[in-house]
Amino acid sequence: MVDHEFGGQHTELKLSIIEGYLRAFTTALRPHFKNLWYIDAFAGTGSRTVRTERKGASLVEAPADEVVERRRGSAQIAIDTRPLFDFLVFIEKNKNYVAALNDLAAHNLQRKIVVAEEDANTALRQLVDNNRWDDKRAVVFLDPYGMEVEWSTLEALASTEAIDVWFLFPLAGLFRQATRRLPDIDESKRAALTRMFGSAAWESELYPVEAADLLGAIPERRRDLDPRGLEAYVQKRLSTIFSKVLKPLALPVRKGPQMFSLFLCISNKTPKAIGLATNIGSHLLDPKRHLIKSSTTK
């Protein structure tokens, strides 16, 4: 058994949101489509290890040993979703994780499951190109390990007009790569940002050229946007290719700096489809709902 250890409050939250959406998605669309697909582009192992730290004794409590739990990951959650998905695709490059996913598929032989040991961007673009999309609807979950998701991949997904994309965007990674001063961005970072945003326009948009001062000196090009400003920029960029992009949920919701933004991107252009996905997604992404829930479960 492969140990895939990660997590925290934001992990629990993102997976609960995904689970809620998948259940609502299949319930709403099952009467209308014979082909409902789930595609996990960075699928991991299907499970995860969560450790609760050992606590010492206090005046009112006895000491507690470390608790180690195995909990469901996104792949297992998709398999468990009812009504059922007709087809599930788990994409993963890590050979150990792929072995765990194959084992998961072997325990569900009655289901149509494909485990693809490939680069997520390549696999997703091939999946879009090799299938017709007028007879099916799908949910894609993008939970990258870093800034791997390329703009061309997002364009391909949006072009289907049949896929809802949940994208856990690595905002902290963008904040680090897009440094305050434009001259500090080396060629490697510049290329990565261009792949992620689809063009080099981010340079002028994030680092505007200012007019010369009274002495003729041109101010140094700097990024003034804070994390929330960068989040709004990402939403604006995604909205150029998707029919609608909901206001994301900032993660974590309570403590520490923002690390991620959880986006729901809708590719279908019909008002009915946009309305349905928006109603479900807006409820699940409501930060007030999660602040109340996390405060009551502390």
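Below, the structure is looked at part by part. (Residues numbered from 1 in each chain as written. Predicted model: local features only at pLDDT ≥ 70, side-chain atom pairs only at ≥ 80, totals over all residues. Heavy atoms only, no water.)

What the rule picks out here adds up to 11 aromatic pairs. When the ring of Phe25 is compared with that of Phe85, the centres are 6.1 Å apart and the planes differ by 20°; the resulting orientation is stacked. Within this pair, whereas Phe25 is found in helix H1 (residues 9-29), its partner Phe85 is found in the loop between helix H2 (74-80) and strand S4 (87-91), the two being separated by 60 residues in sequence. The same class applies to Phe25 and to Phe85, which are both buried. One aromatic cluster in this structure is built from Tyr21, Phe25, Tyr38, Phe85 and Trp166. One residue, Arg237, lies across the ring of Trp151, its end atom 4.4 Å from the ring centre. (Phe/Tyr/Trp six-rings, centres within 6.5 Å; stacked < 30°, edge-to-face > 60°. Helix = DSSP H or I, 4+ residues; strand = E, 2+ residues; numbered from the N terminus. Buried < 20%, exposed > 50% of the residue type's maximum accessible area, 1.4 Å probe, protein only. Lys NZ or Arg CZ within 6 Å of the ring centre and 35° of its normal.)

Looking now at the nonpolar core. Counting 47 residues, the largest nonpolar core has Ile39, Leu142, Val165, Leu174, Trp202 and Leu238 as its most contacted members. If we ignore the near neighbours within four places in the chain, the residues touching Leu142 are Ala41, Phe42, Leu124, Val149, Leu154, Leu157, Val165, Trp166, Phe167 and Leu168. Ranked by size, the runner-up nonpolar core spans 40 residues in total, among them Tyr38, Ile79, Phe85 and Leu246. (Core = buried A, V, L, I, M, F, W, Y, C linked by side-chain atoms within 4.5 Å. Contact = heavy atoms within 4.5 Å.)

For the bond from Arg82 to Pro83, the omega torsion is -5°, close enough to zero to count as cis. Tracing the chain through its elements places Pro83 in the loop between H2 and S4. Leu251 connects to Pro252 through a cis peptide bond whose omega is -5°. In this structure, Glu161 is a non-glycine residue whose phi angle is positive, near 55°. You can see Glu161 is positioned in the loop between helix H5 (151-159) and strand S7 (163-169). Relative accessible area serves as the criterion here: at 34%, Glu161 is assigned to the partly exposed category.

Glancing now at the environment of Glu12. Along the polypeptide, Glu12 turns up in helix H1. Distance from Glu12 to Arg71, taken between C-alpha atoms, is 9.8 Å for residues 59 residues apart in sequence. Polar contacts involving the side chain of Glu12 include one to the side chain of Arg71, which spans 2.4 Å. (Polar contact = N/O pair within 3.5 Å; in protein donor to acceptor, adjacent residues only side chain to side chain.)

Moving on to the packing of helix H4 (residues 120-129) against H5. H5 packs onto H4 with a crossing angle of 25° between their chain directions and a minimal axis gap of 9 Å. Taken together, H4 and H5 sit at an angle that is classed as roughly parallel. Crossing handedness for the pair H4 and H5: left-handed. Judged by residue contacts, Asn121, Leu124, Arg125 and Val128 of H4 engage Ser152, Thr153, Ala156, Leu157 and Ser159 from H5. Looking at the contact of H4 with H5, its residues break down into four nonpolar, four polar and one charged. (Axes fitted to C-alpha atoms, helices over the stretch in contact; angles between N-to-C directions. Parallel < 35°, antiparallel > 145°, perpendicular 65-115°, else oblique. Left-handed = near helix turned anticlockwise from the far one by under 90°. Nonpolar A, V, L, I, M, F, W, Y, C, P; charged D, E, K, R; others polar.)

This brings us to the environment of Glu161. For the pair Glu161 and Ala138, spaced 23 residues apart in sequence, the C-alpha to C-alpha distance is 9.9 Å. Not counting residues within four places of it along the chain, the set of residues in contact with Glu161 comprises Arg137, Ser267, Asn268 and Lys269.

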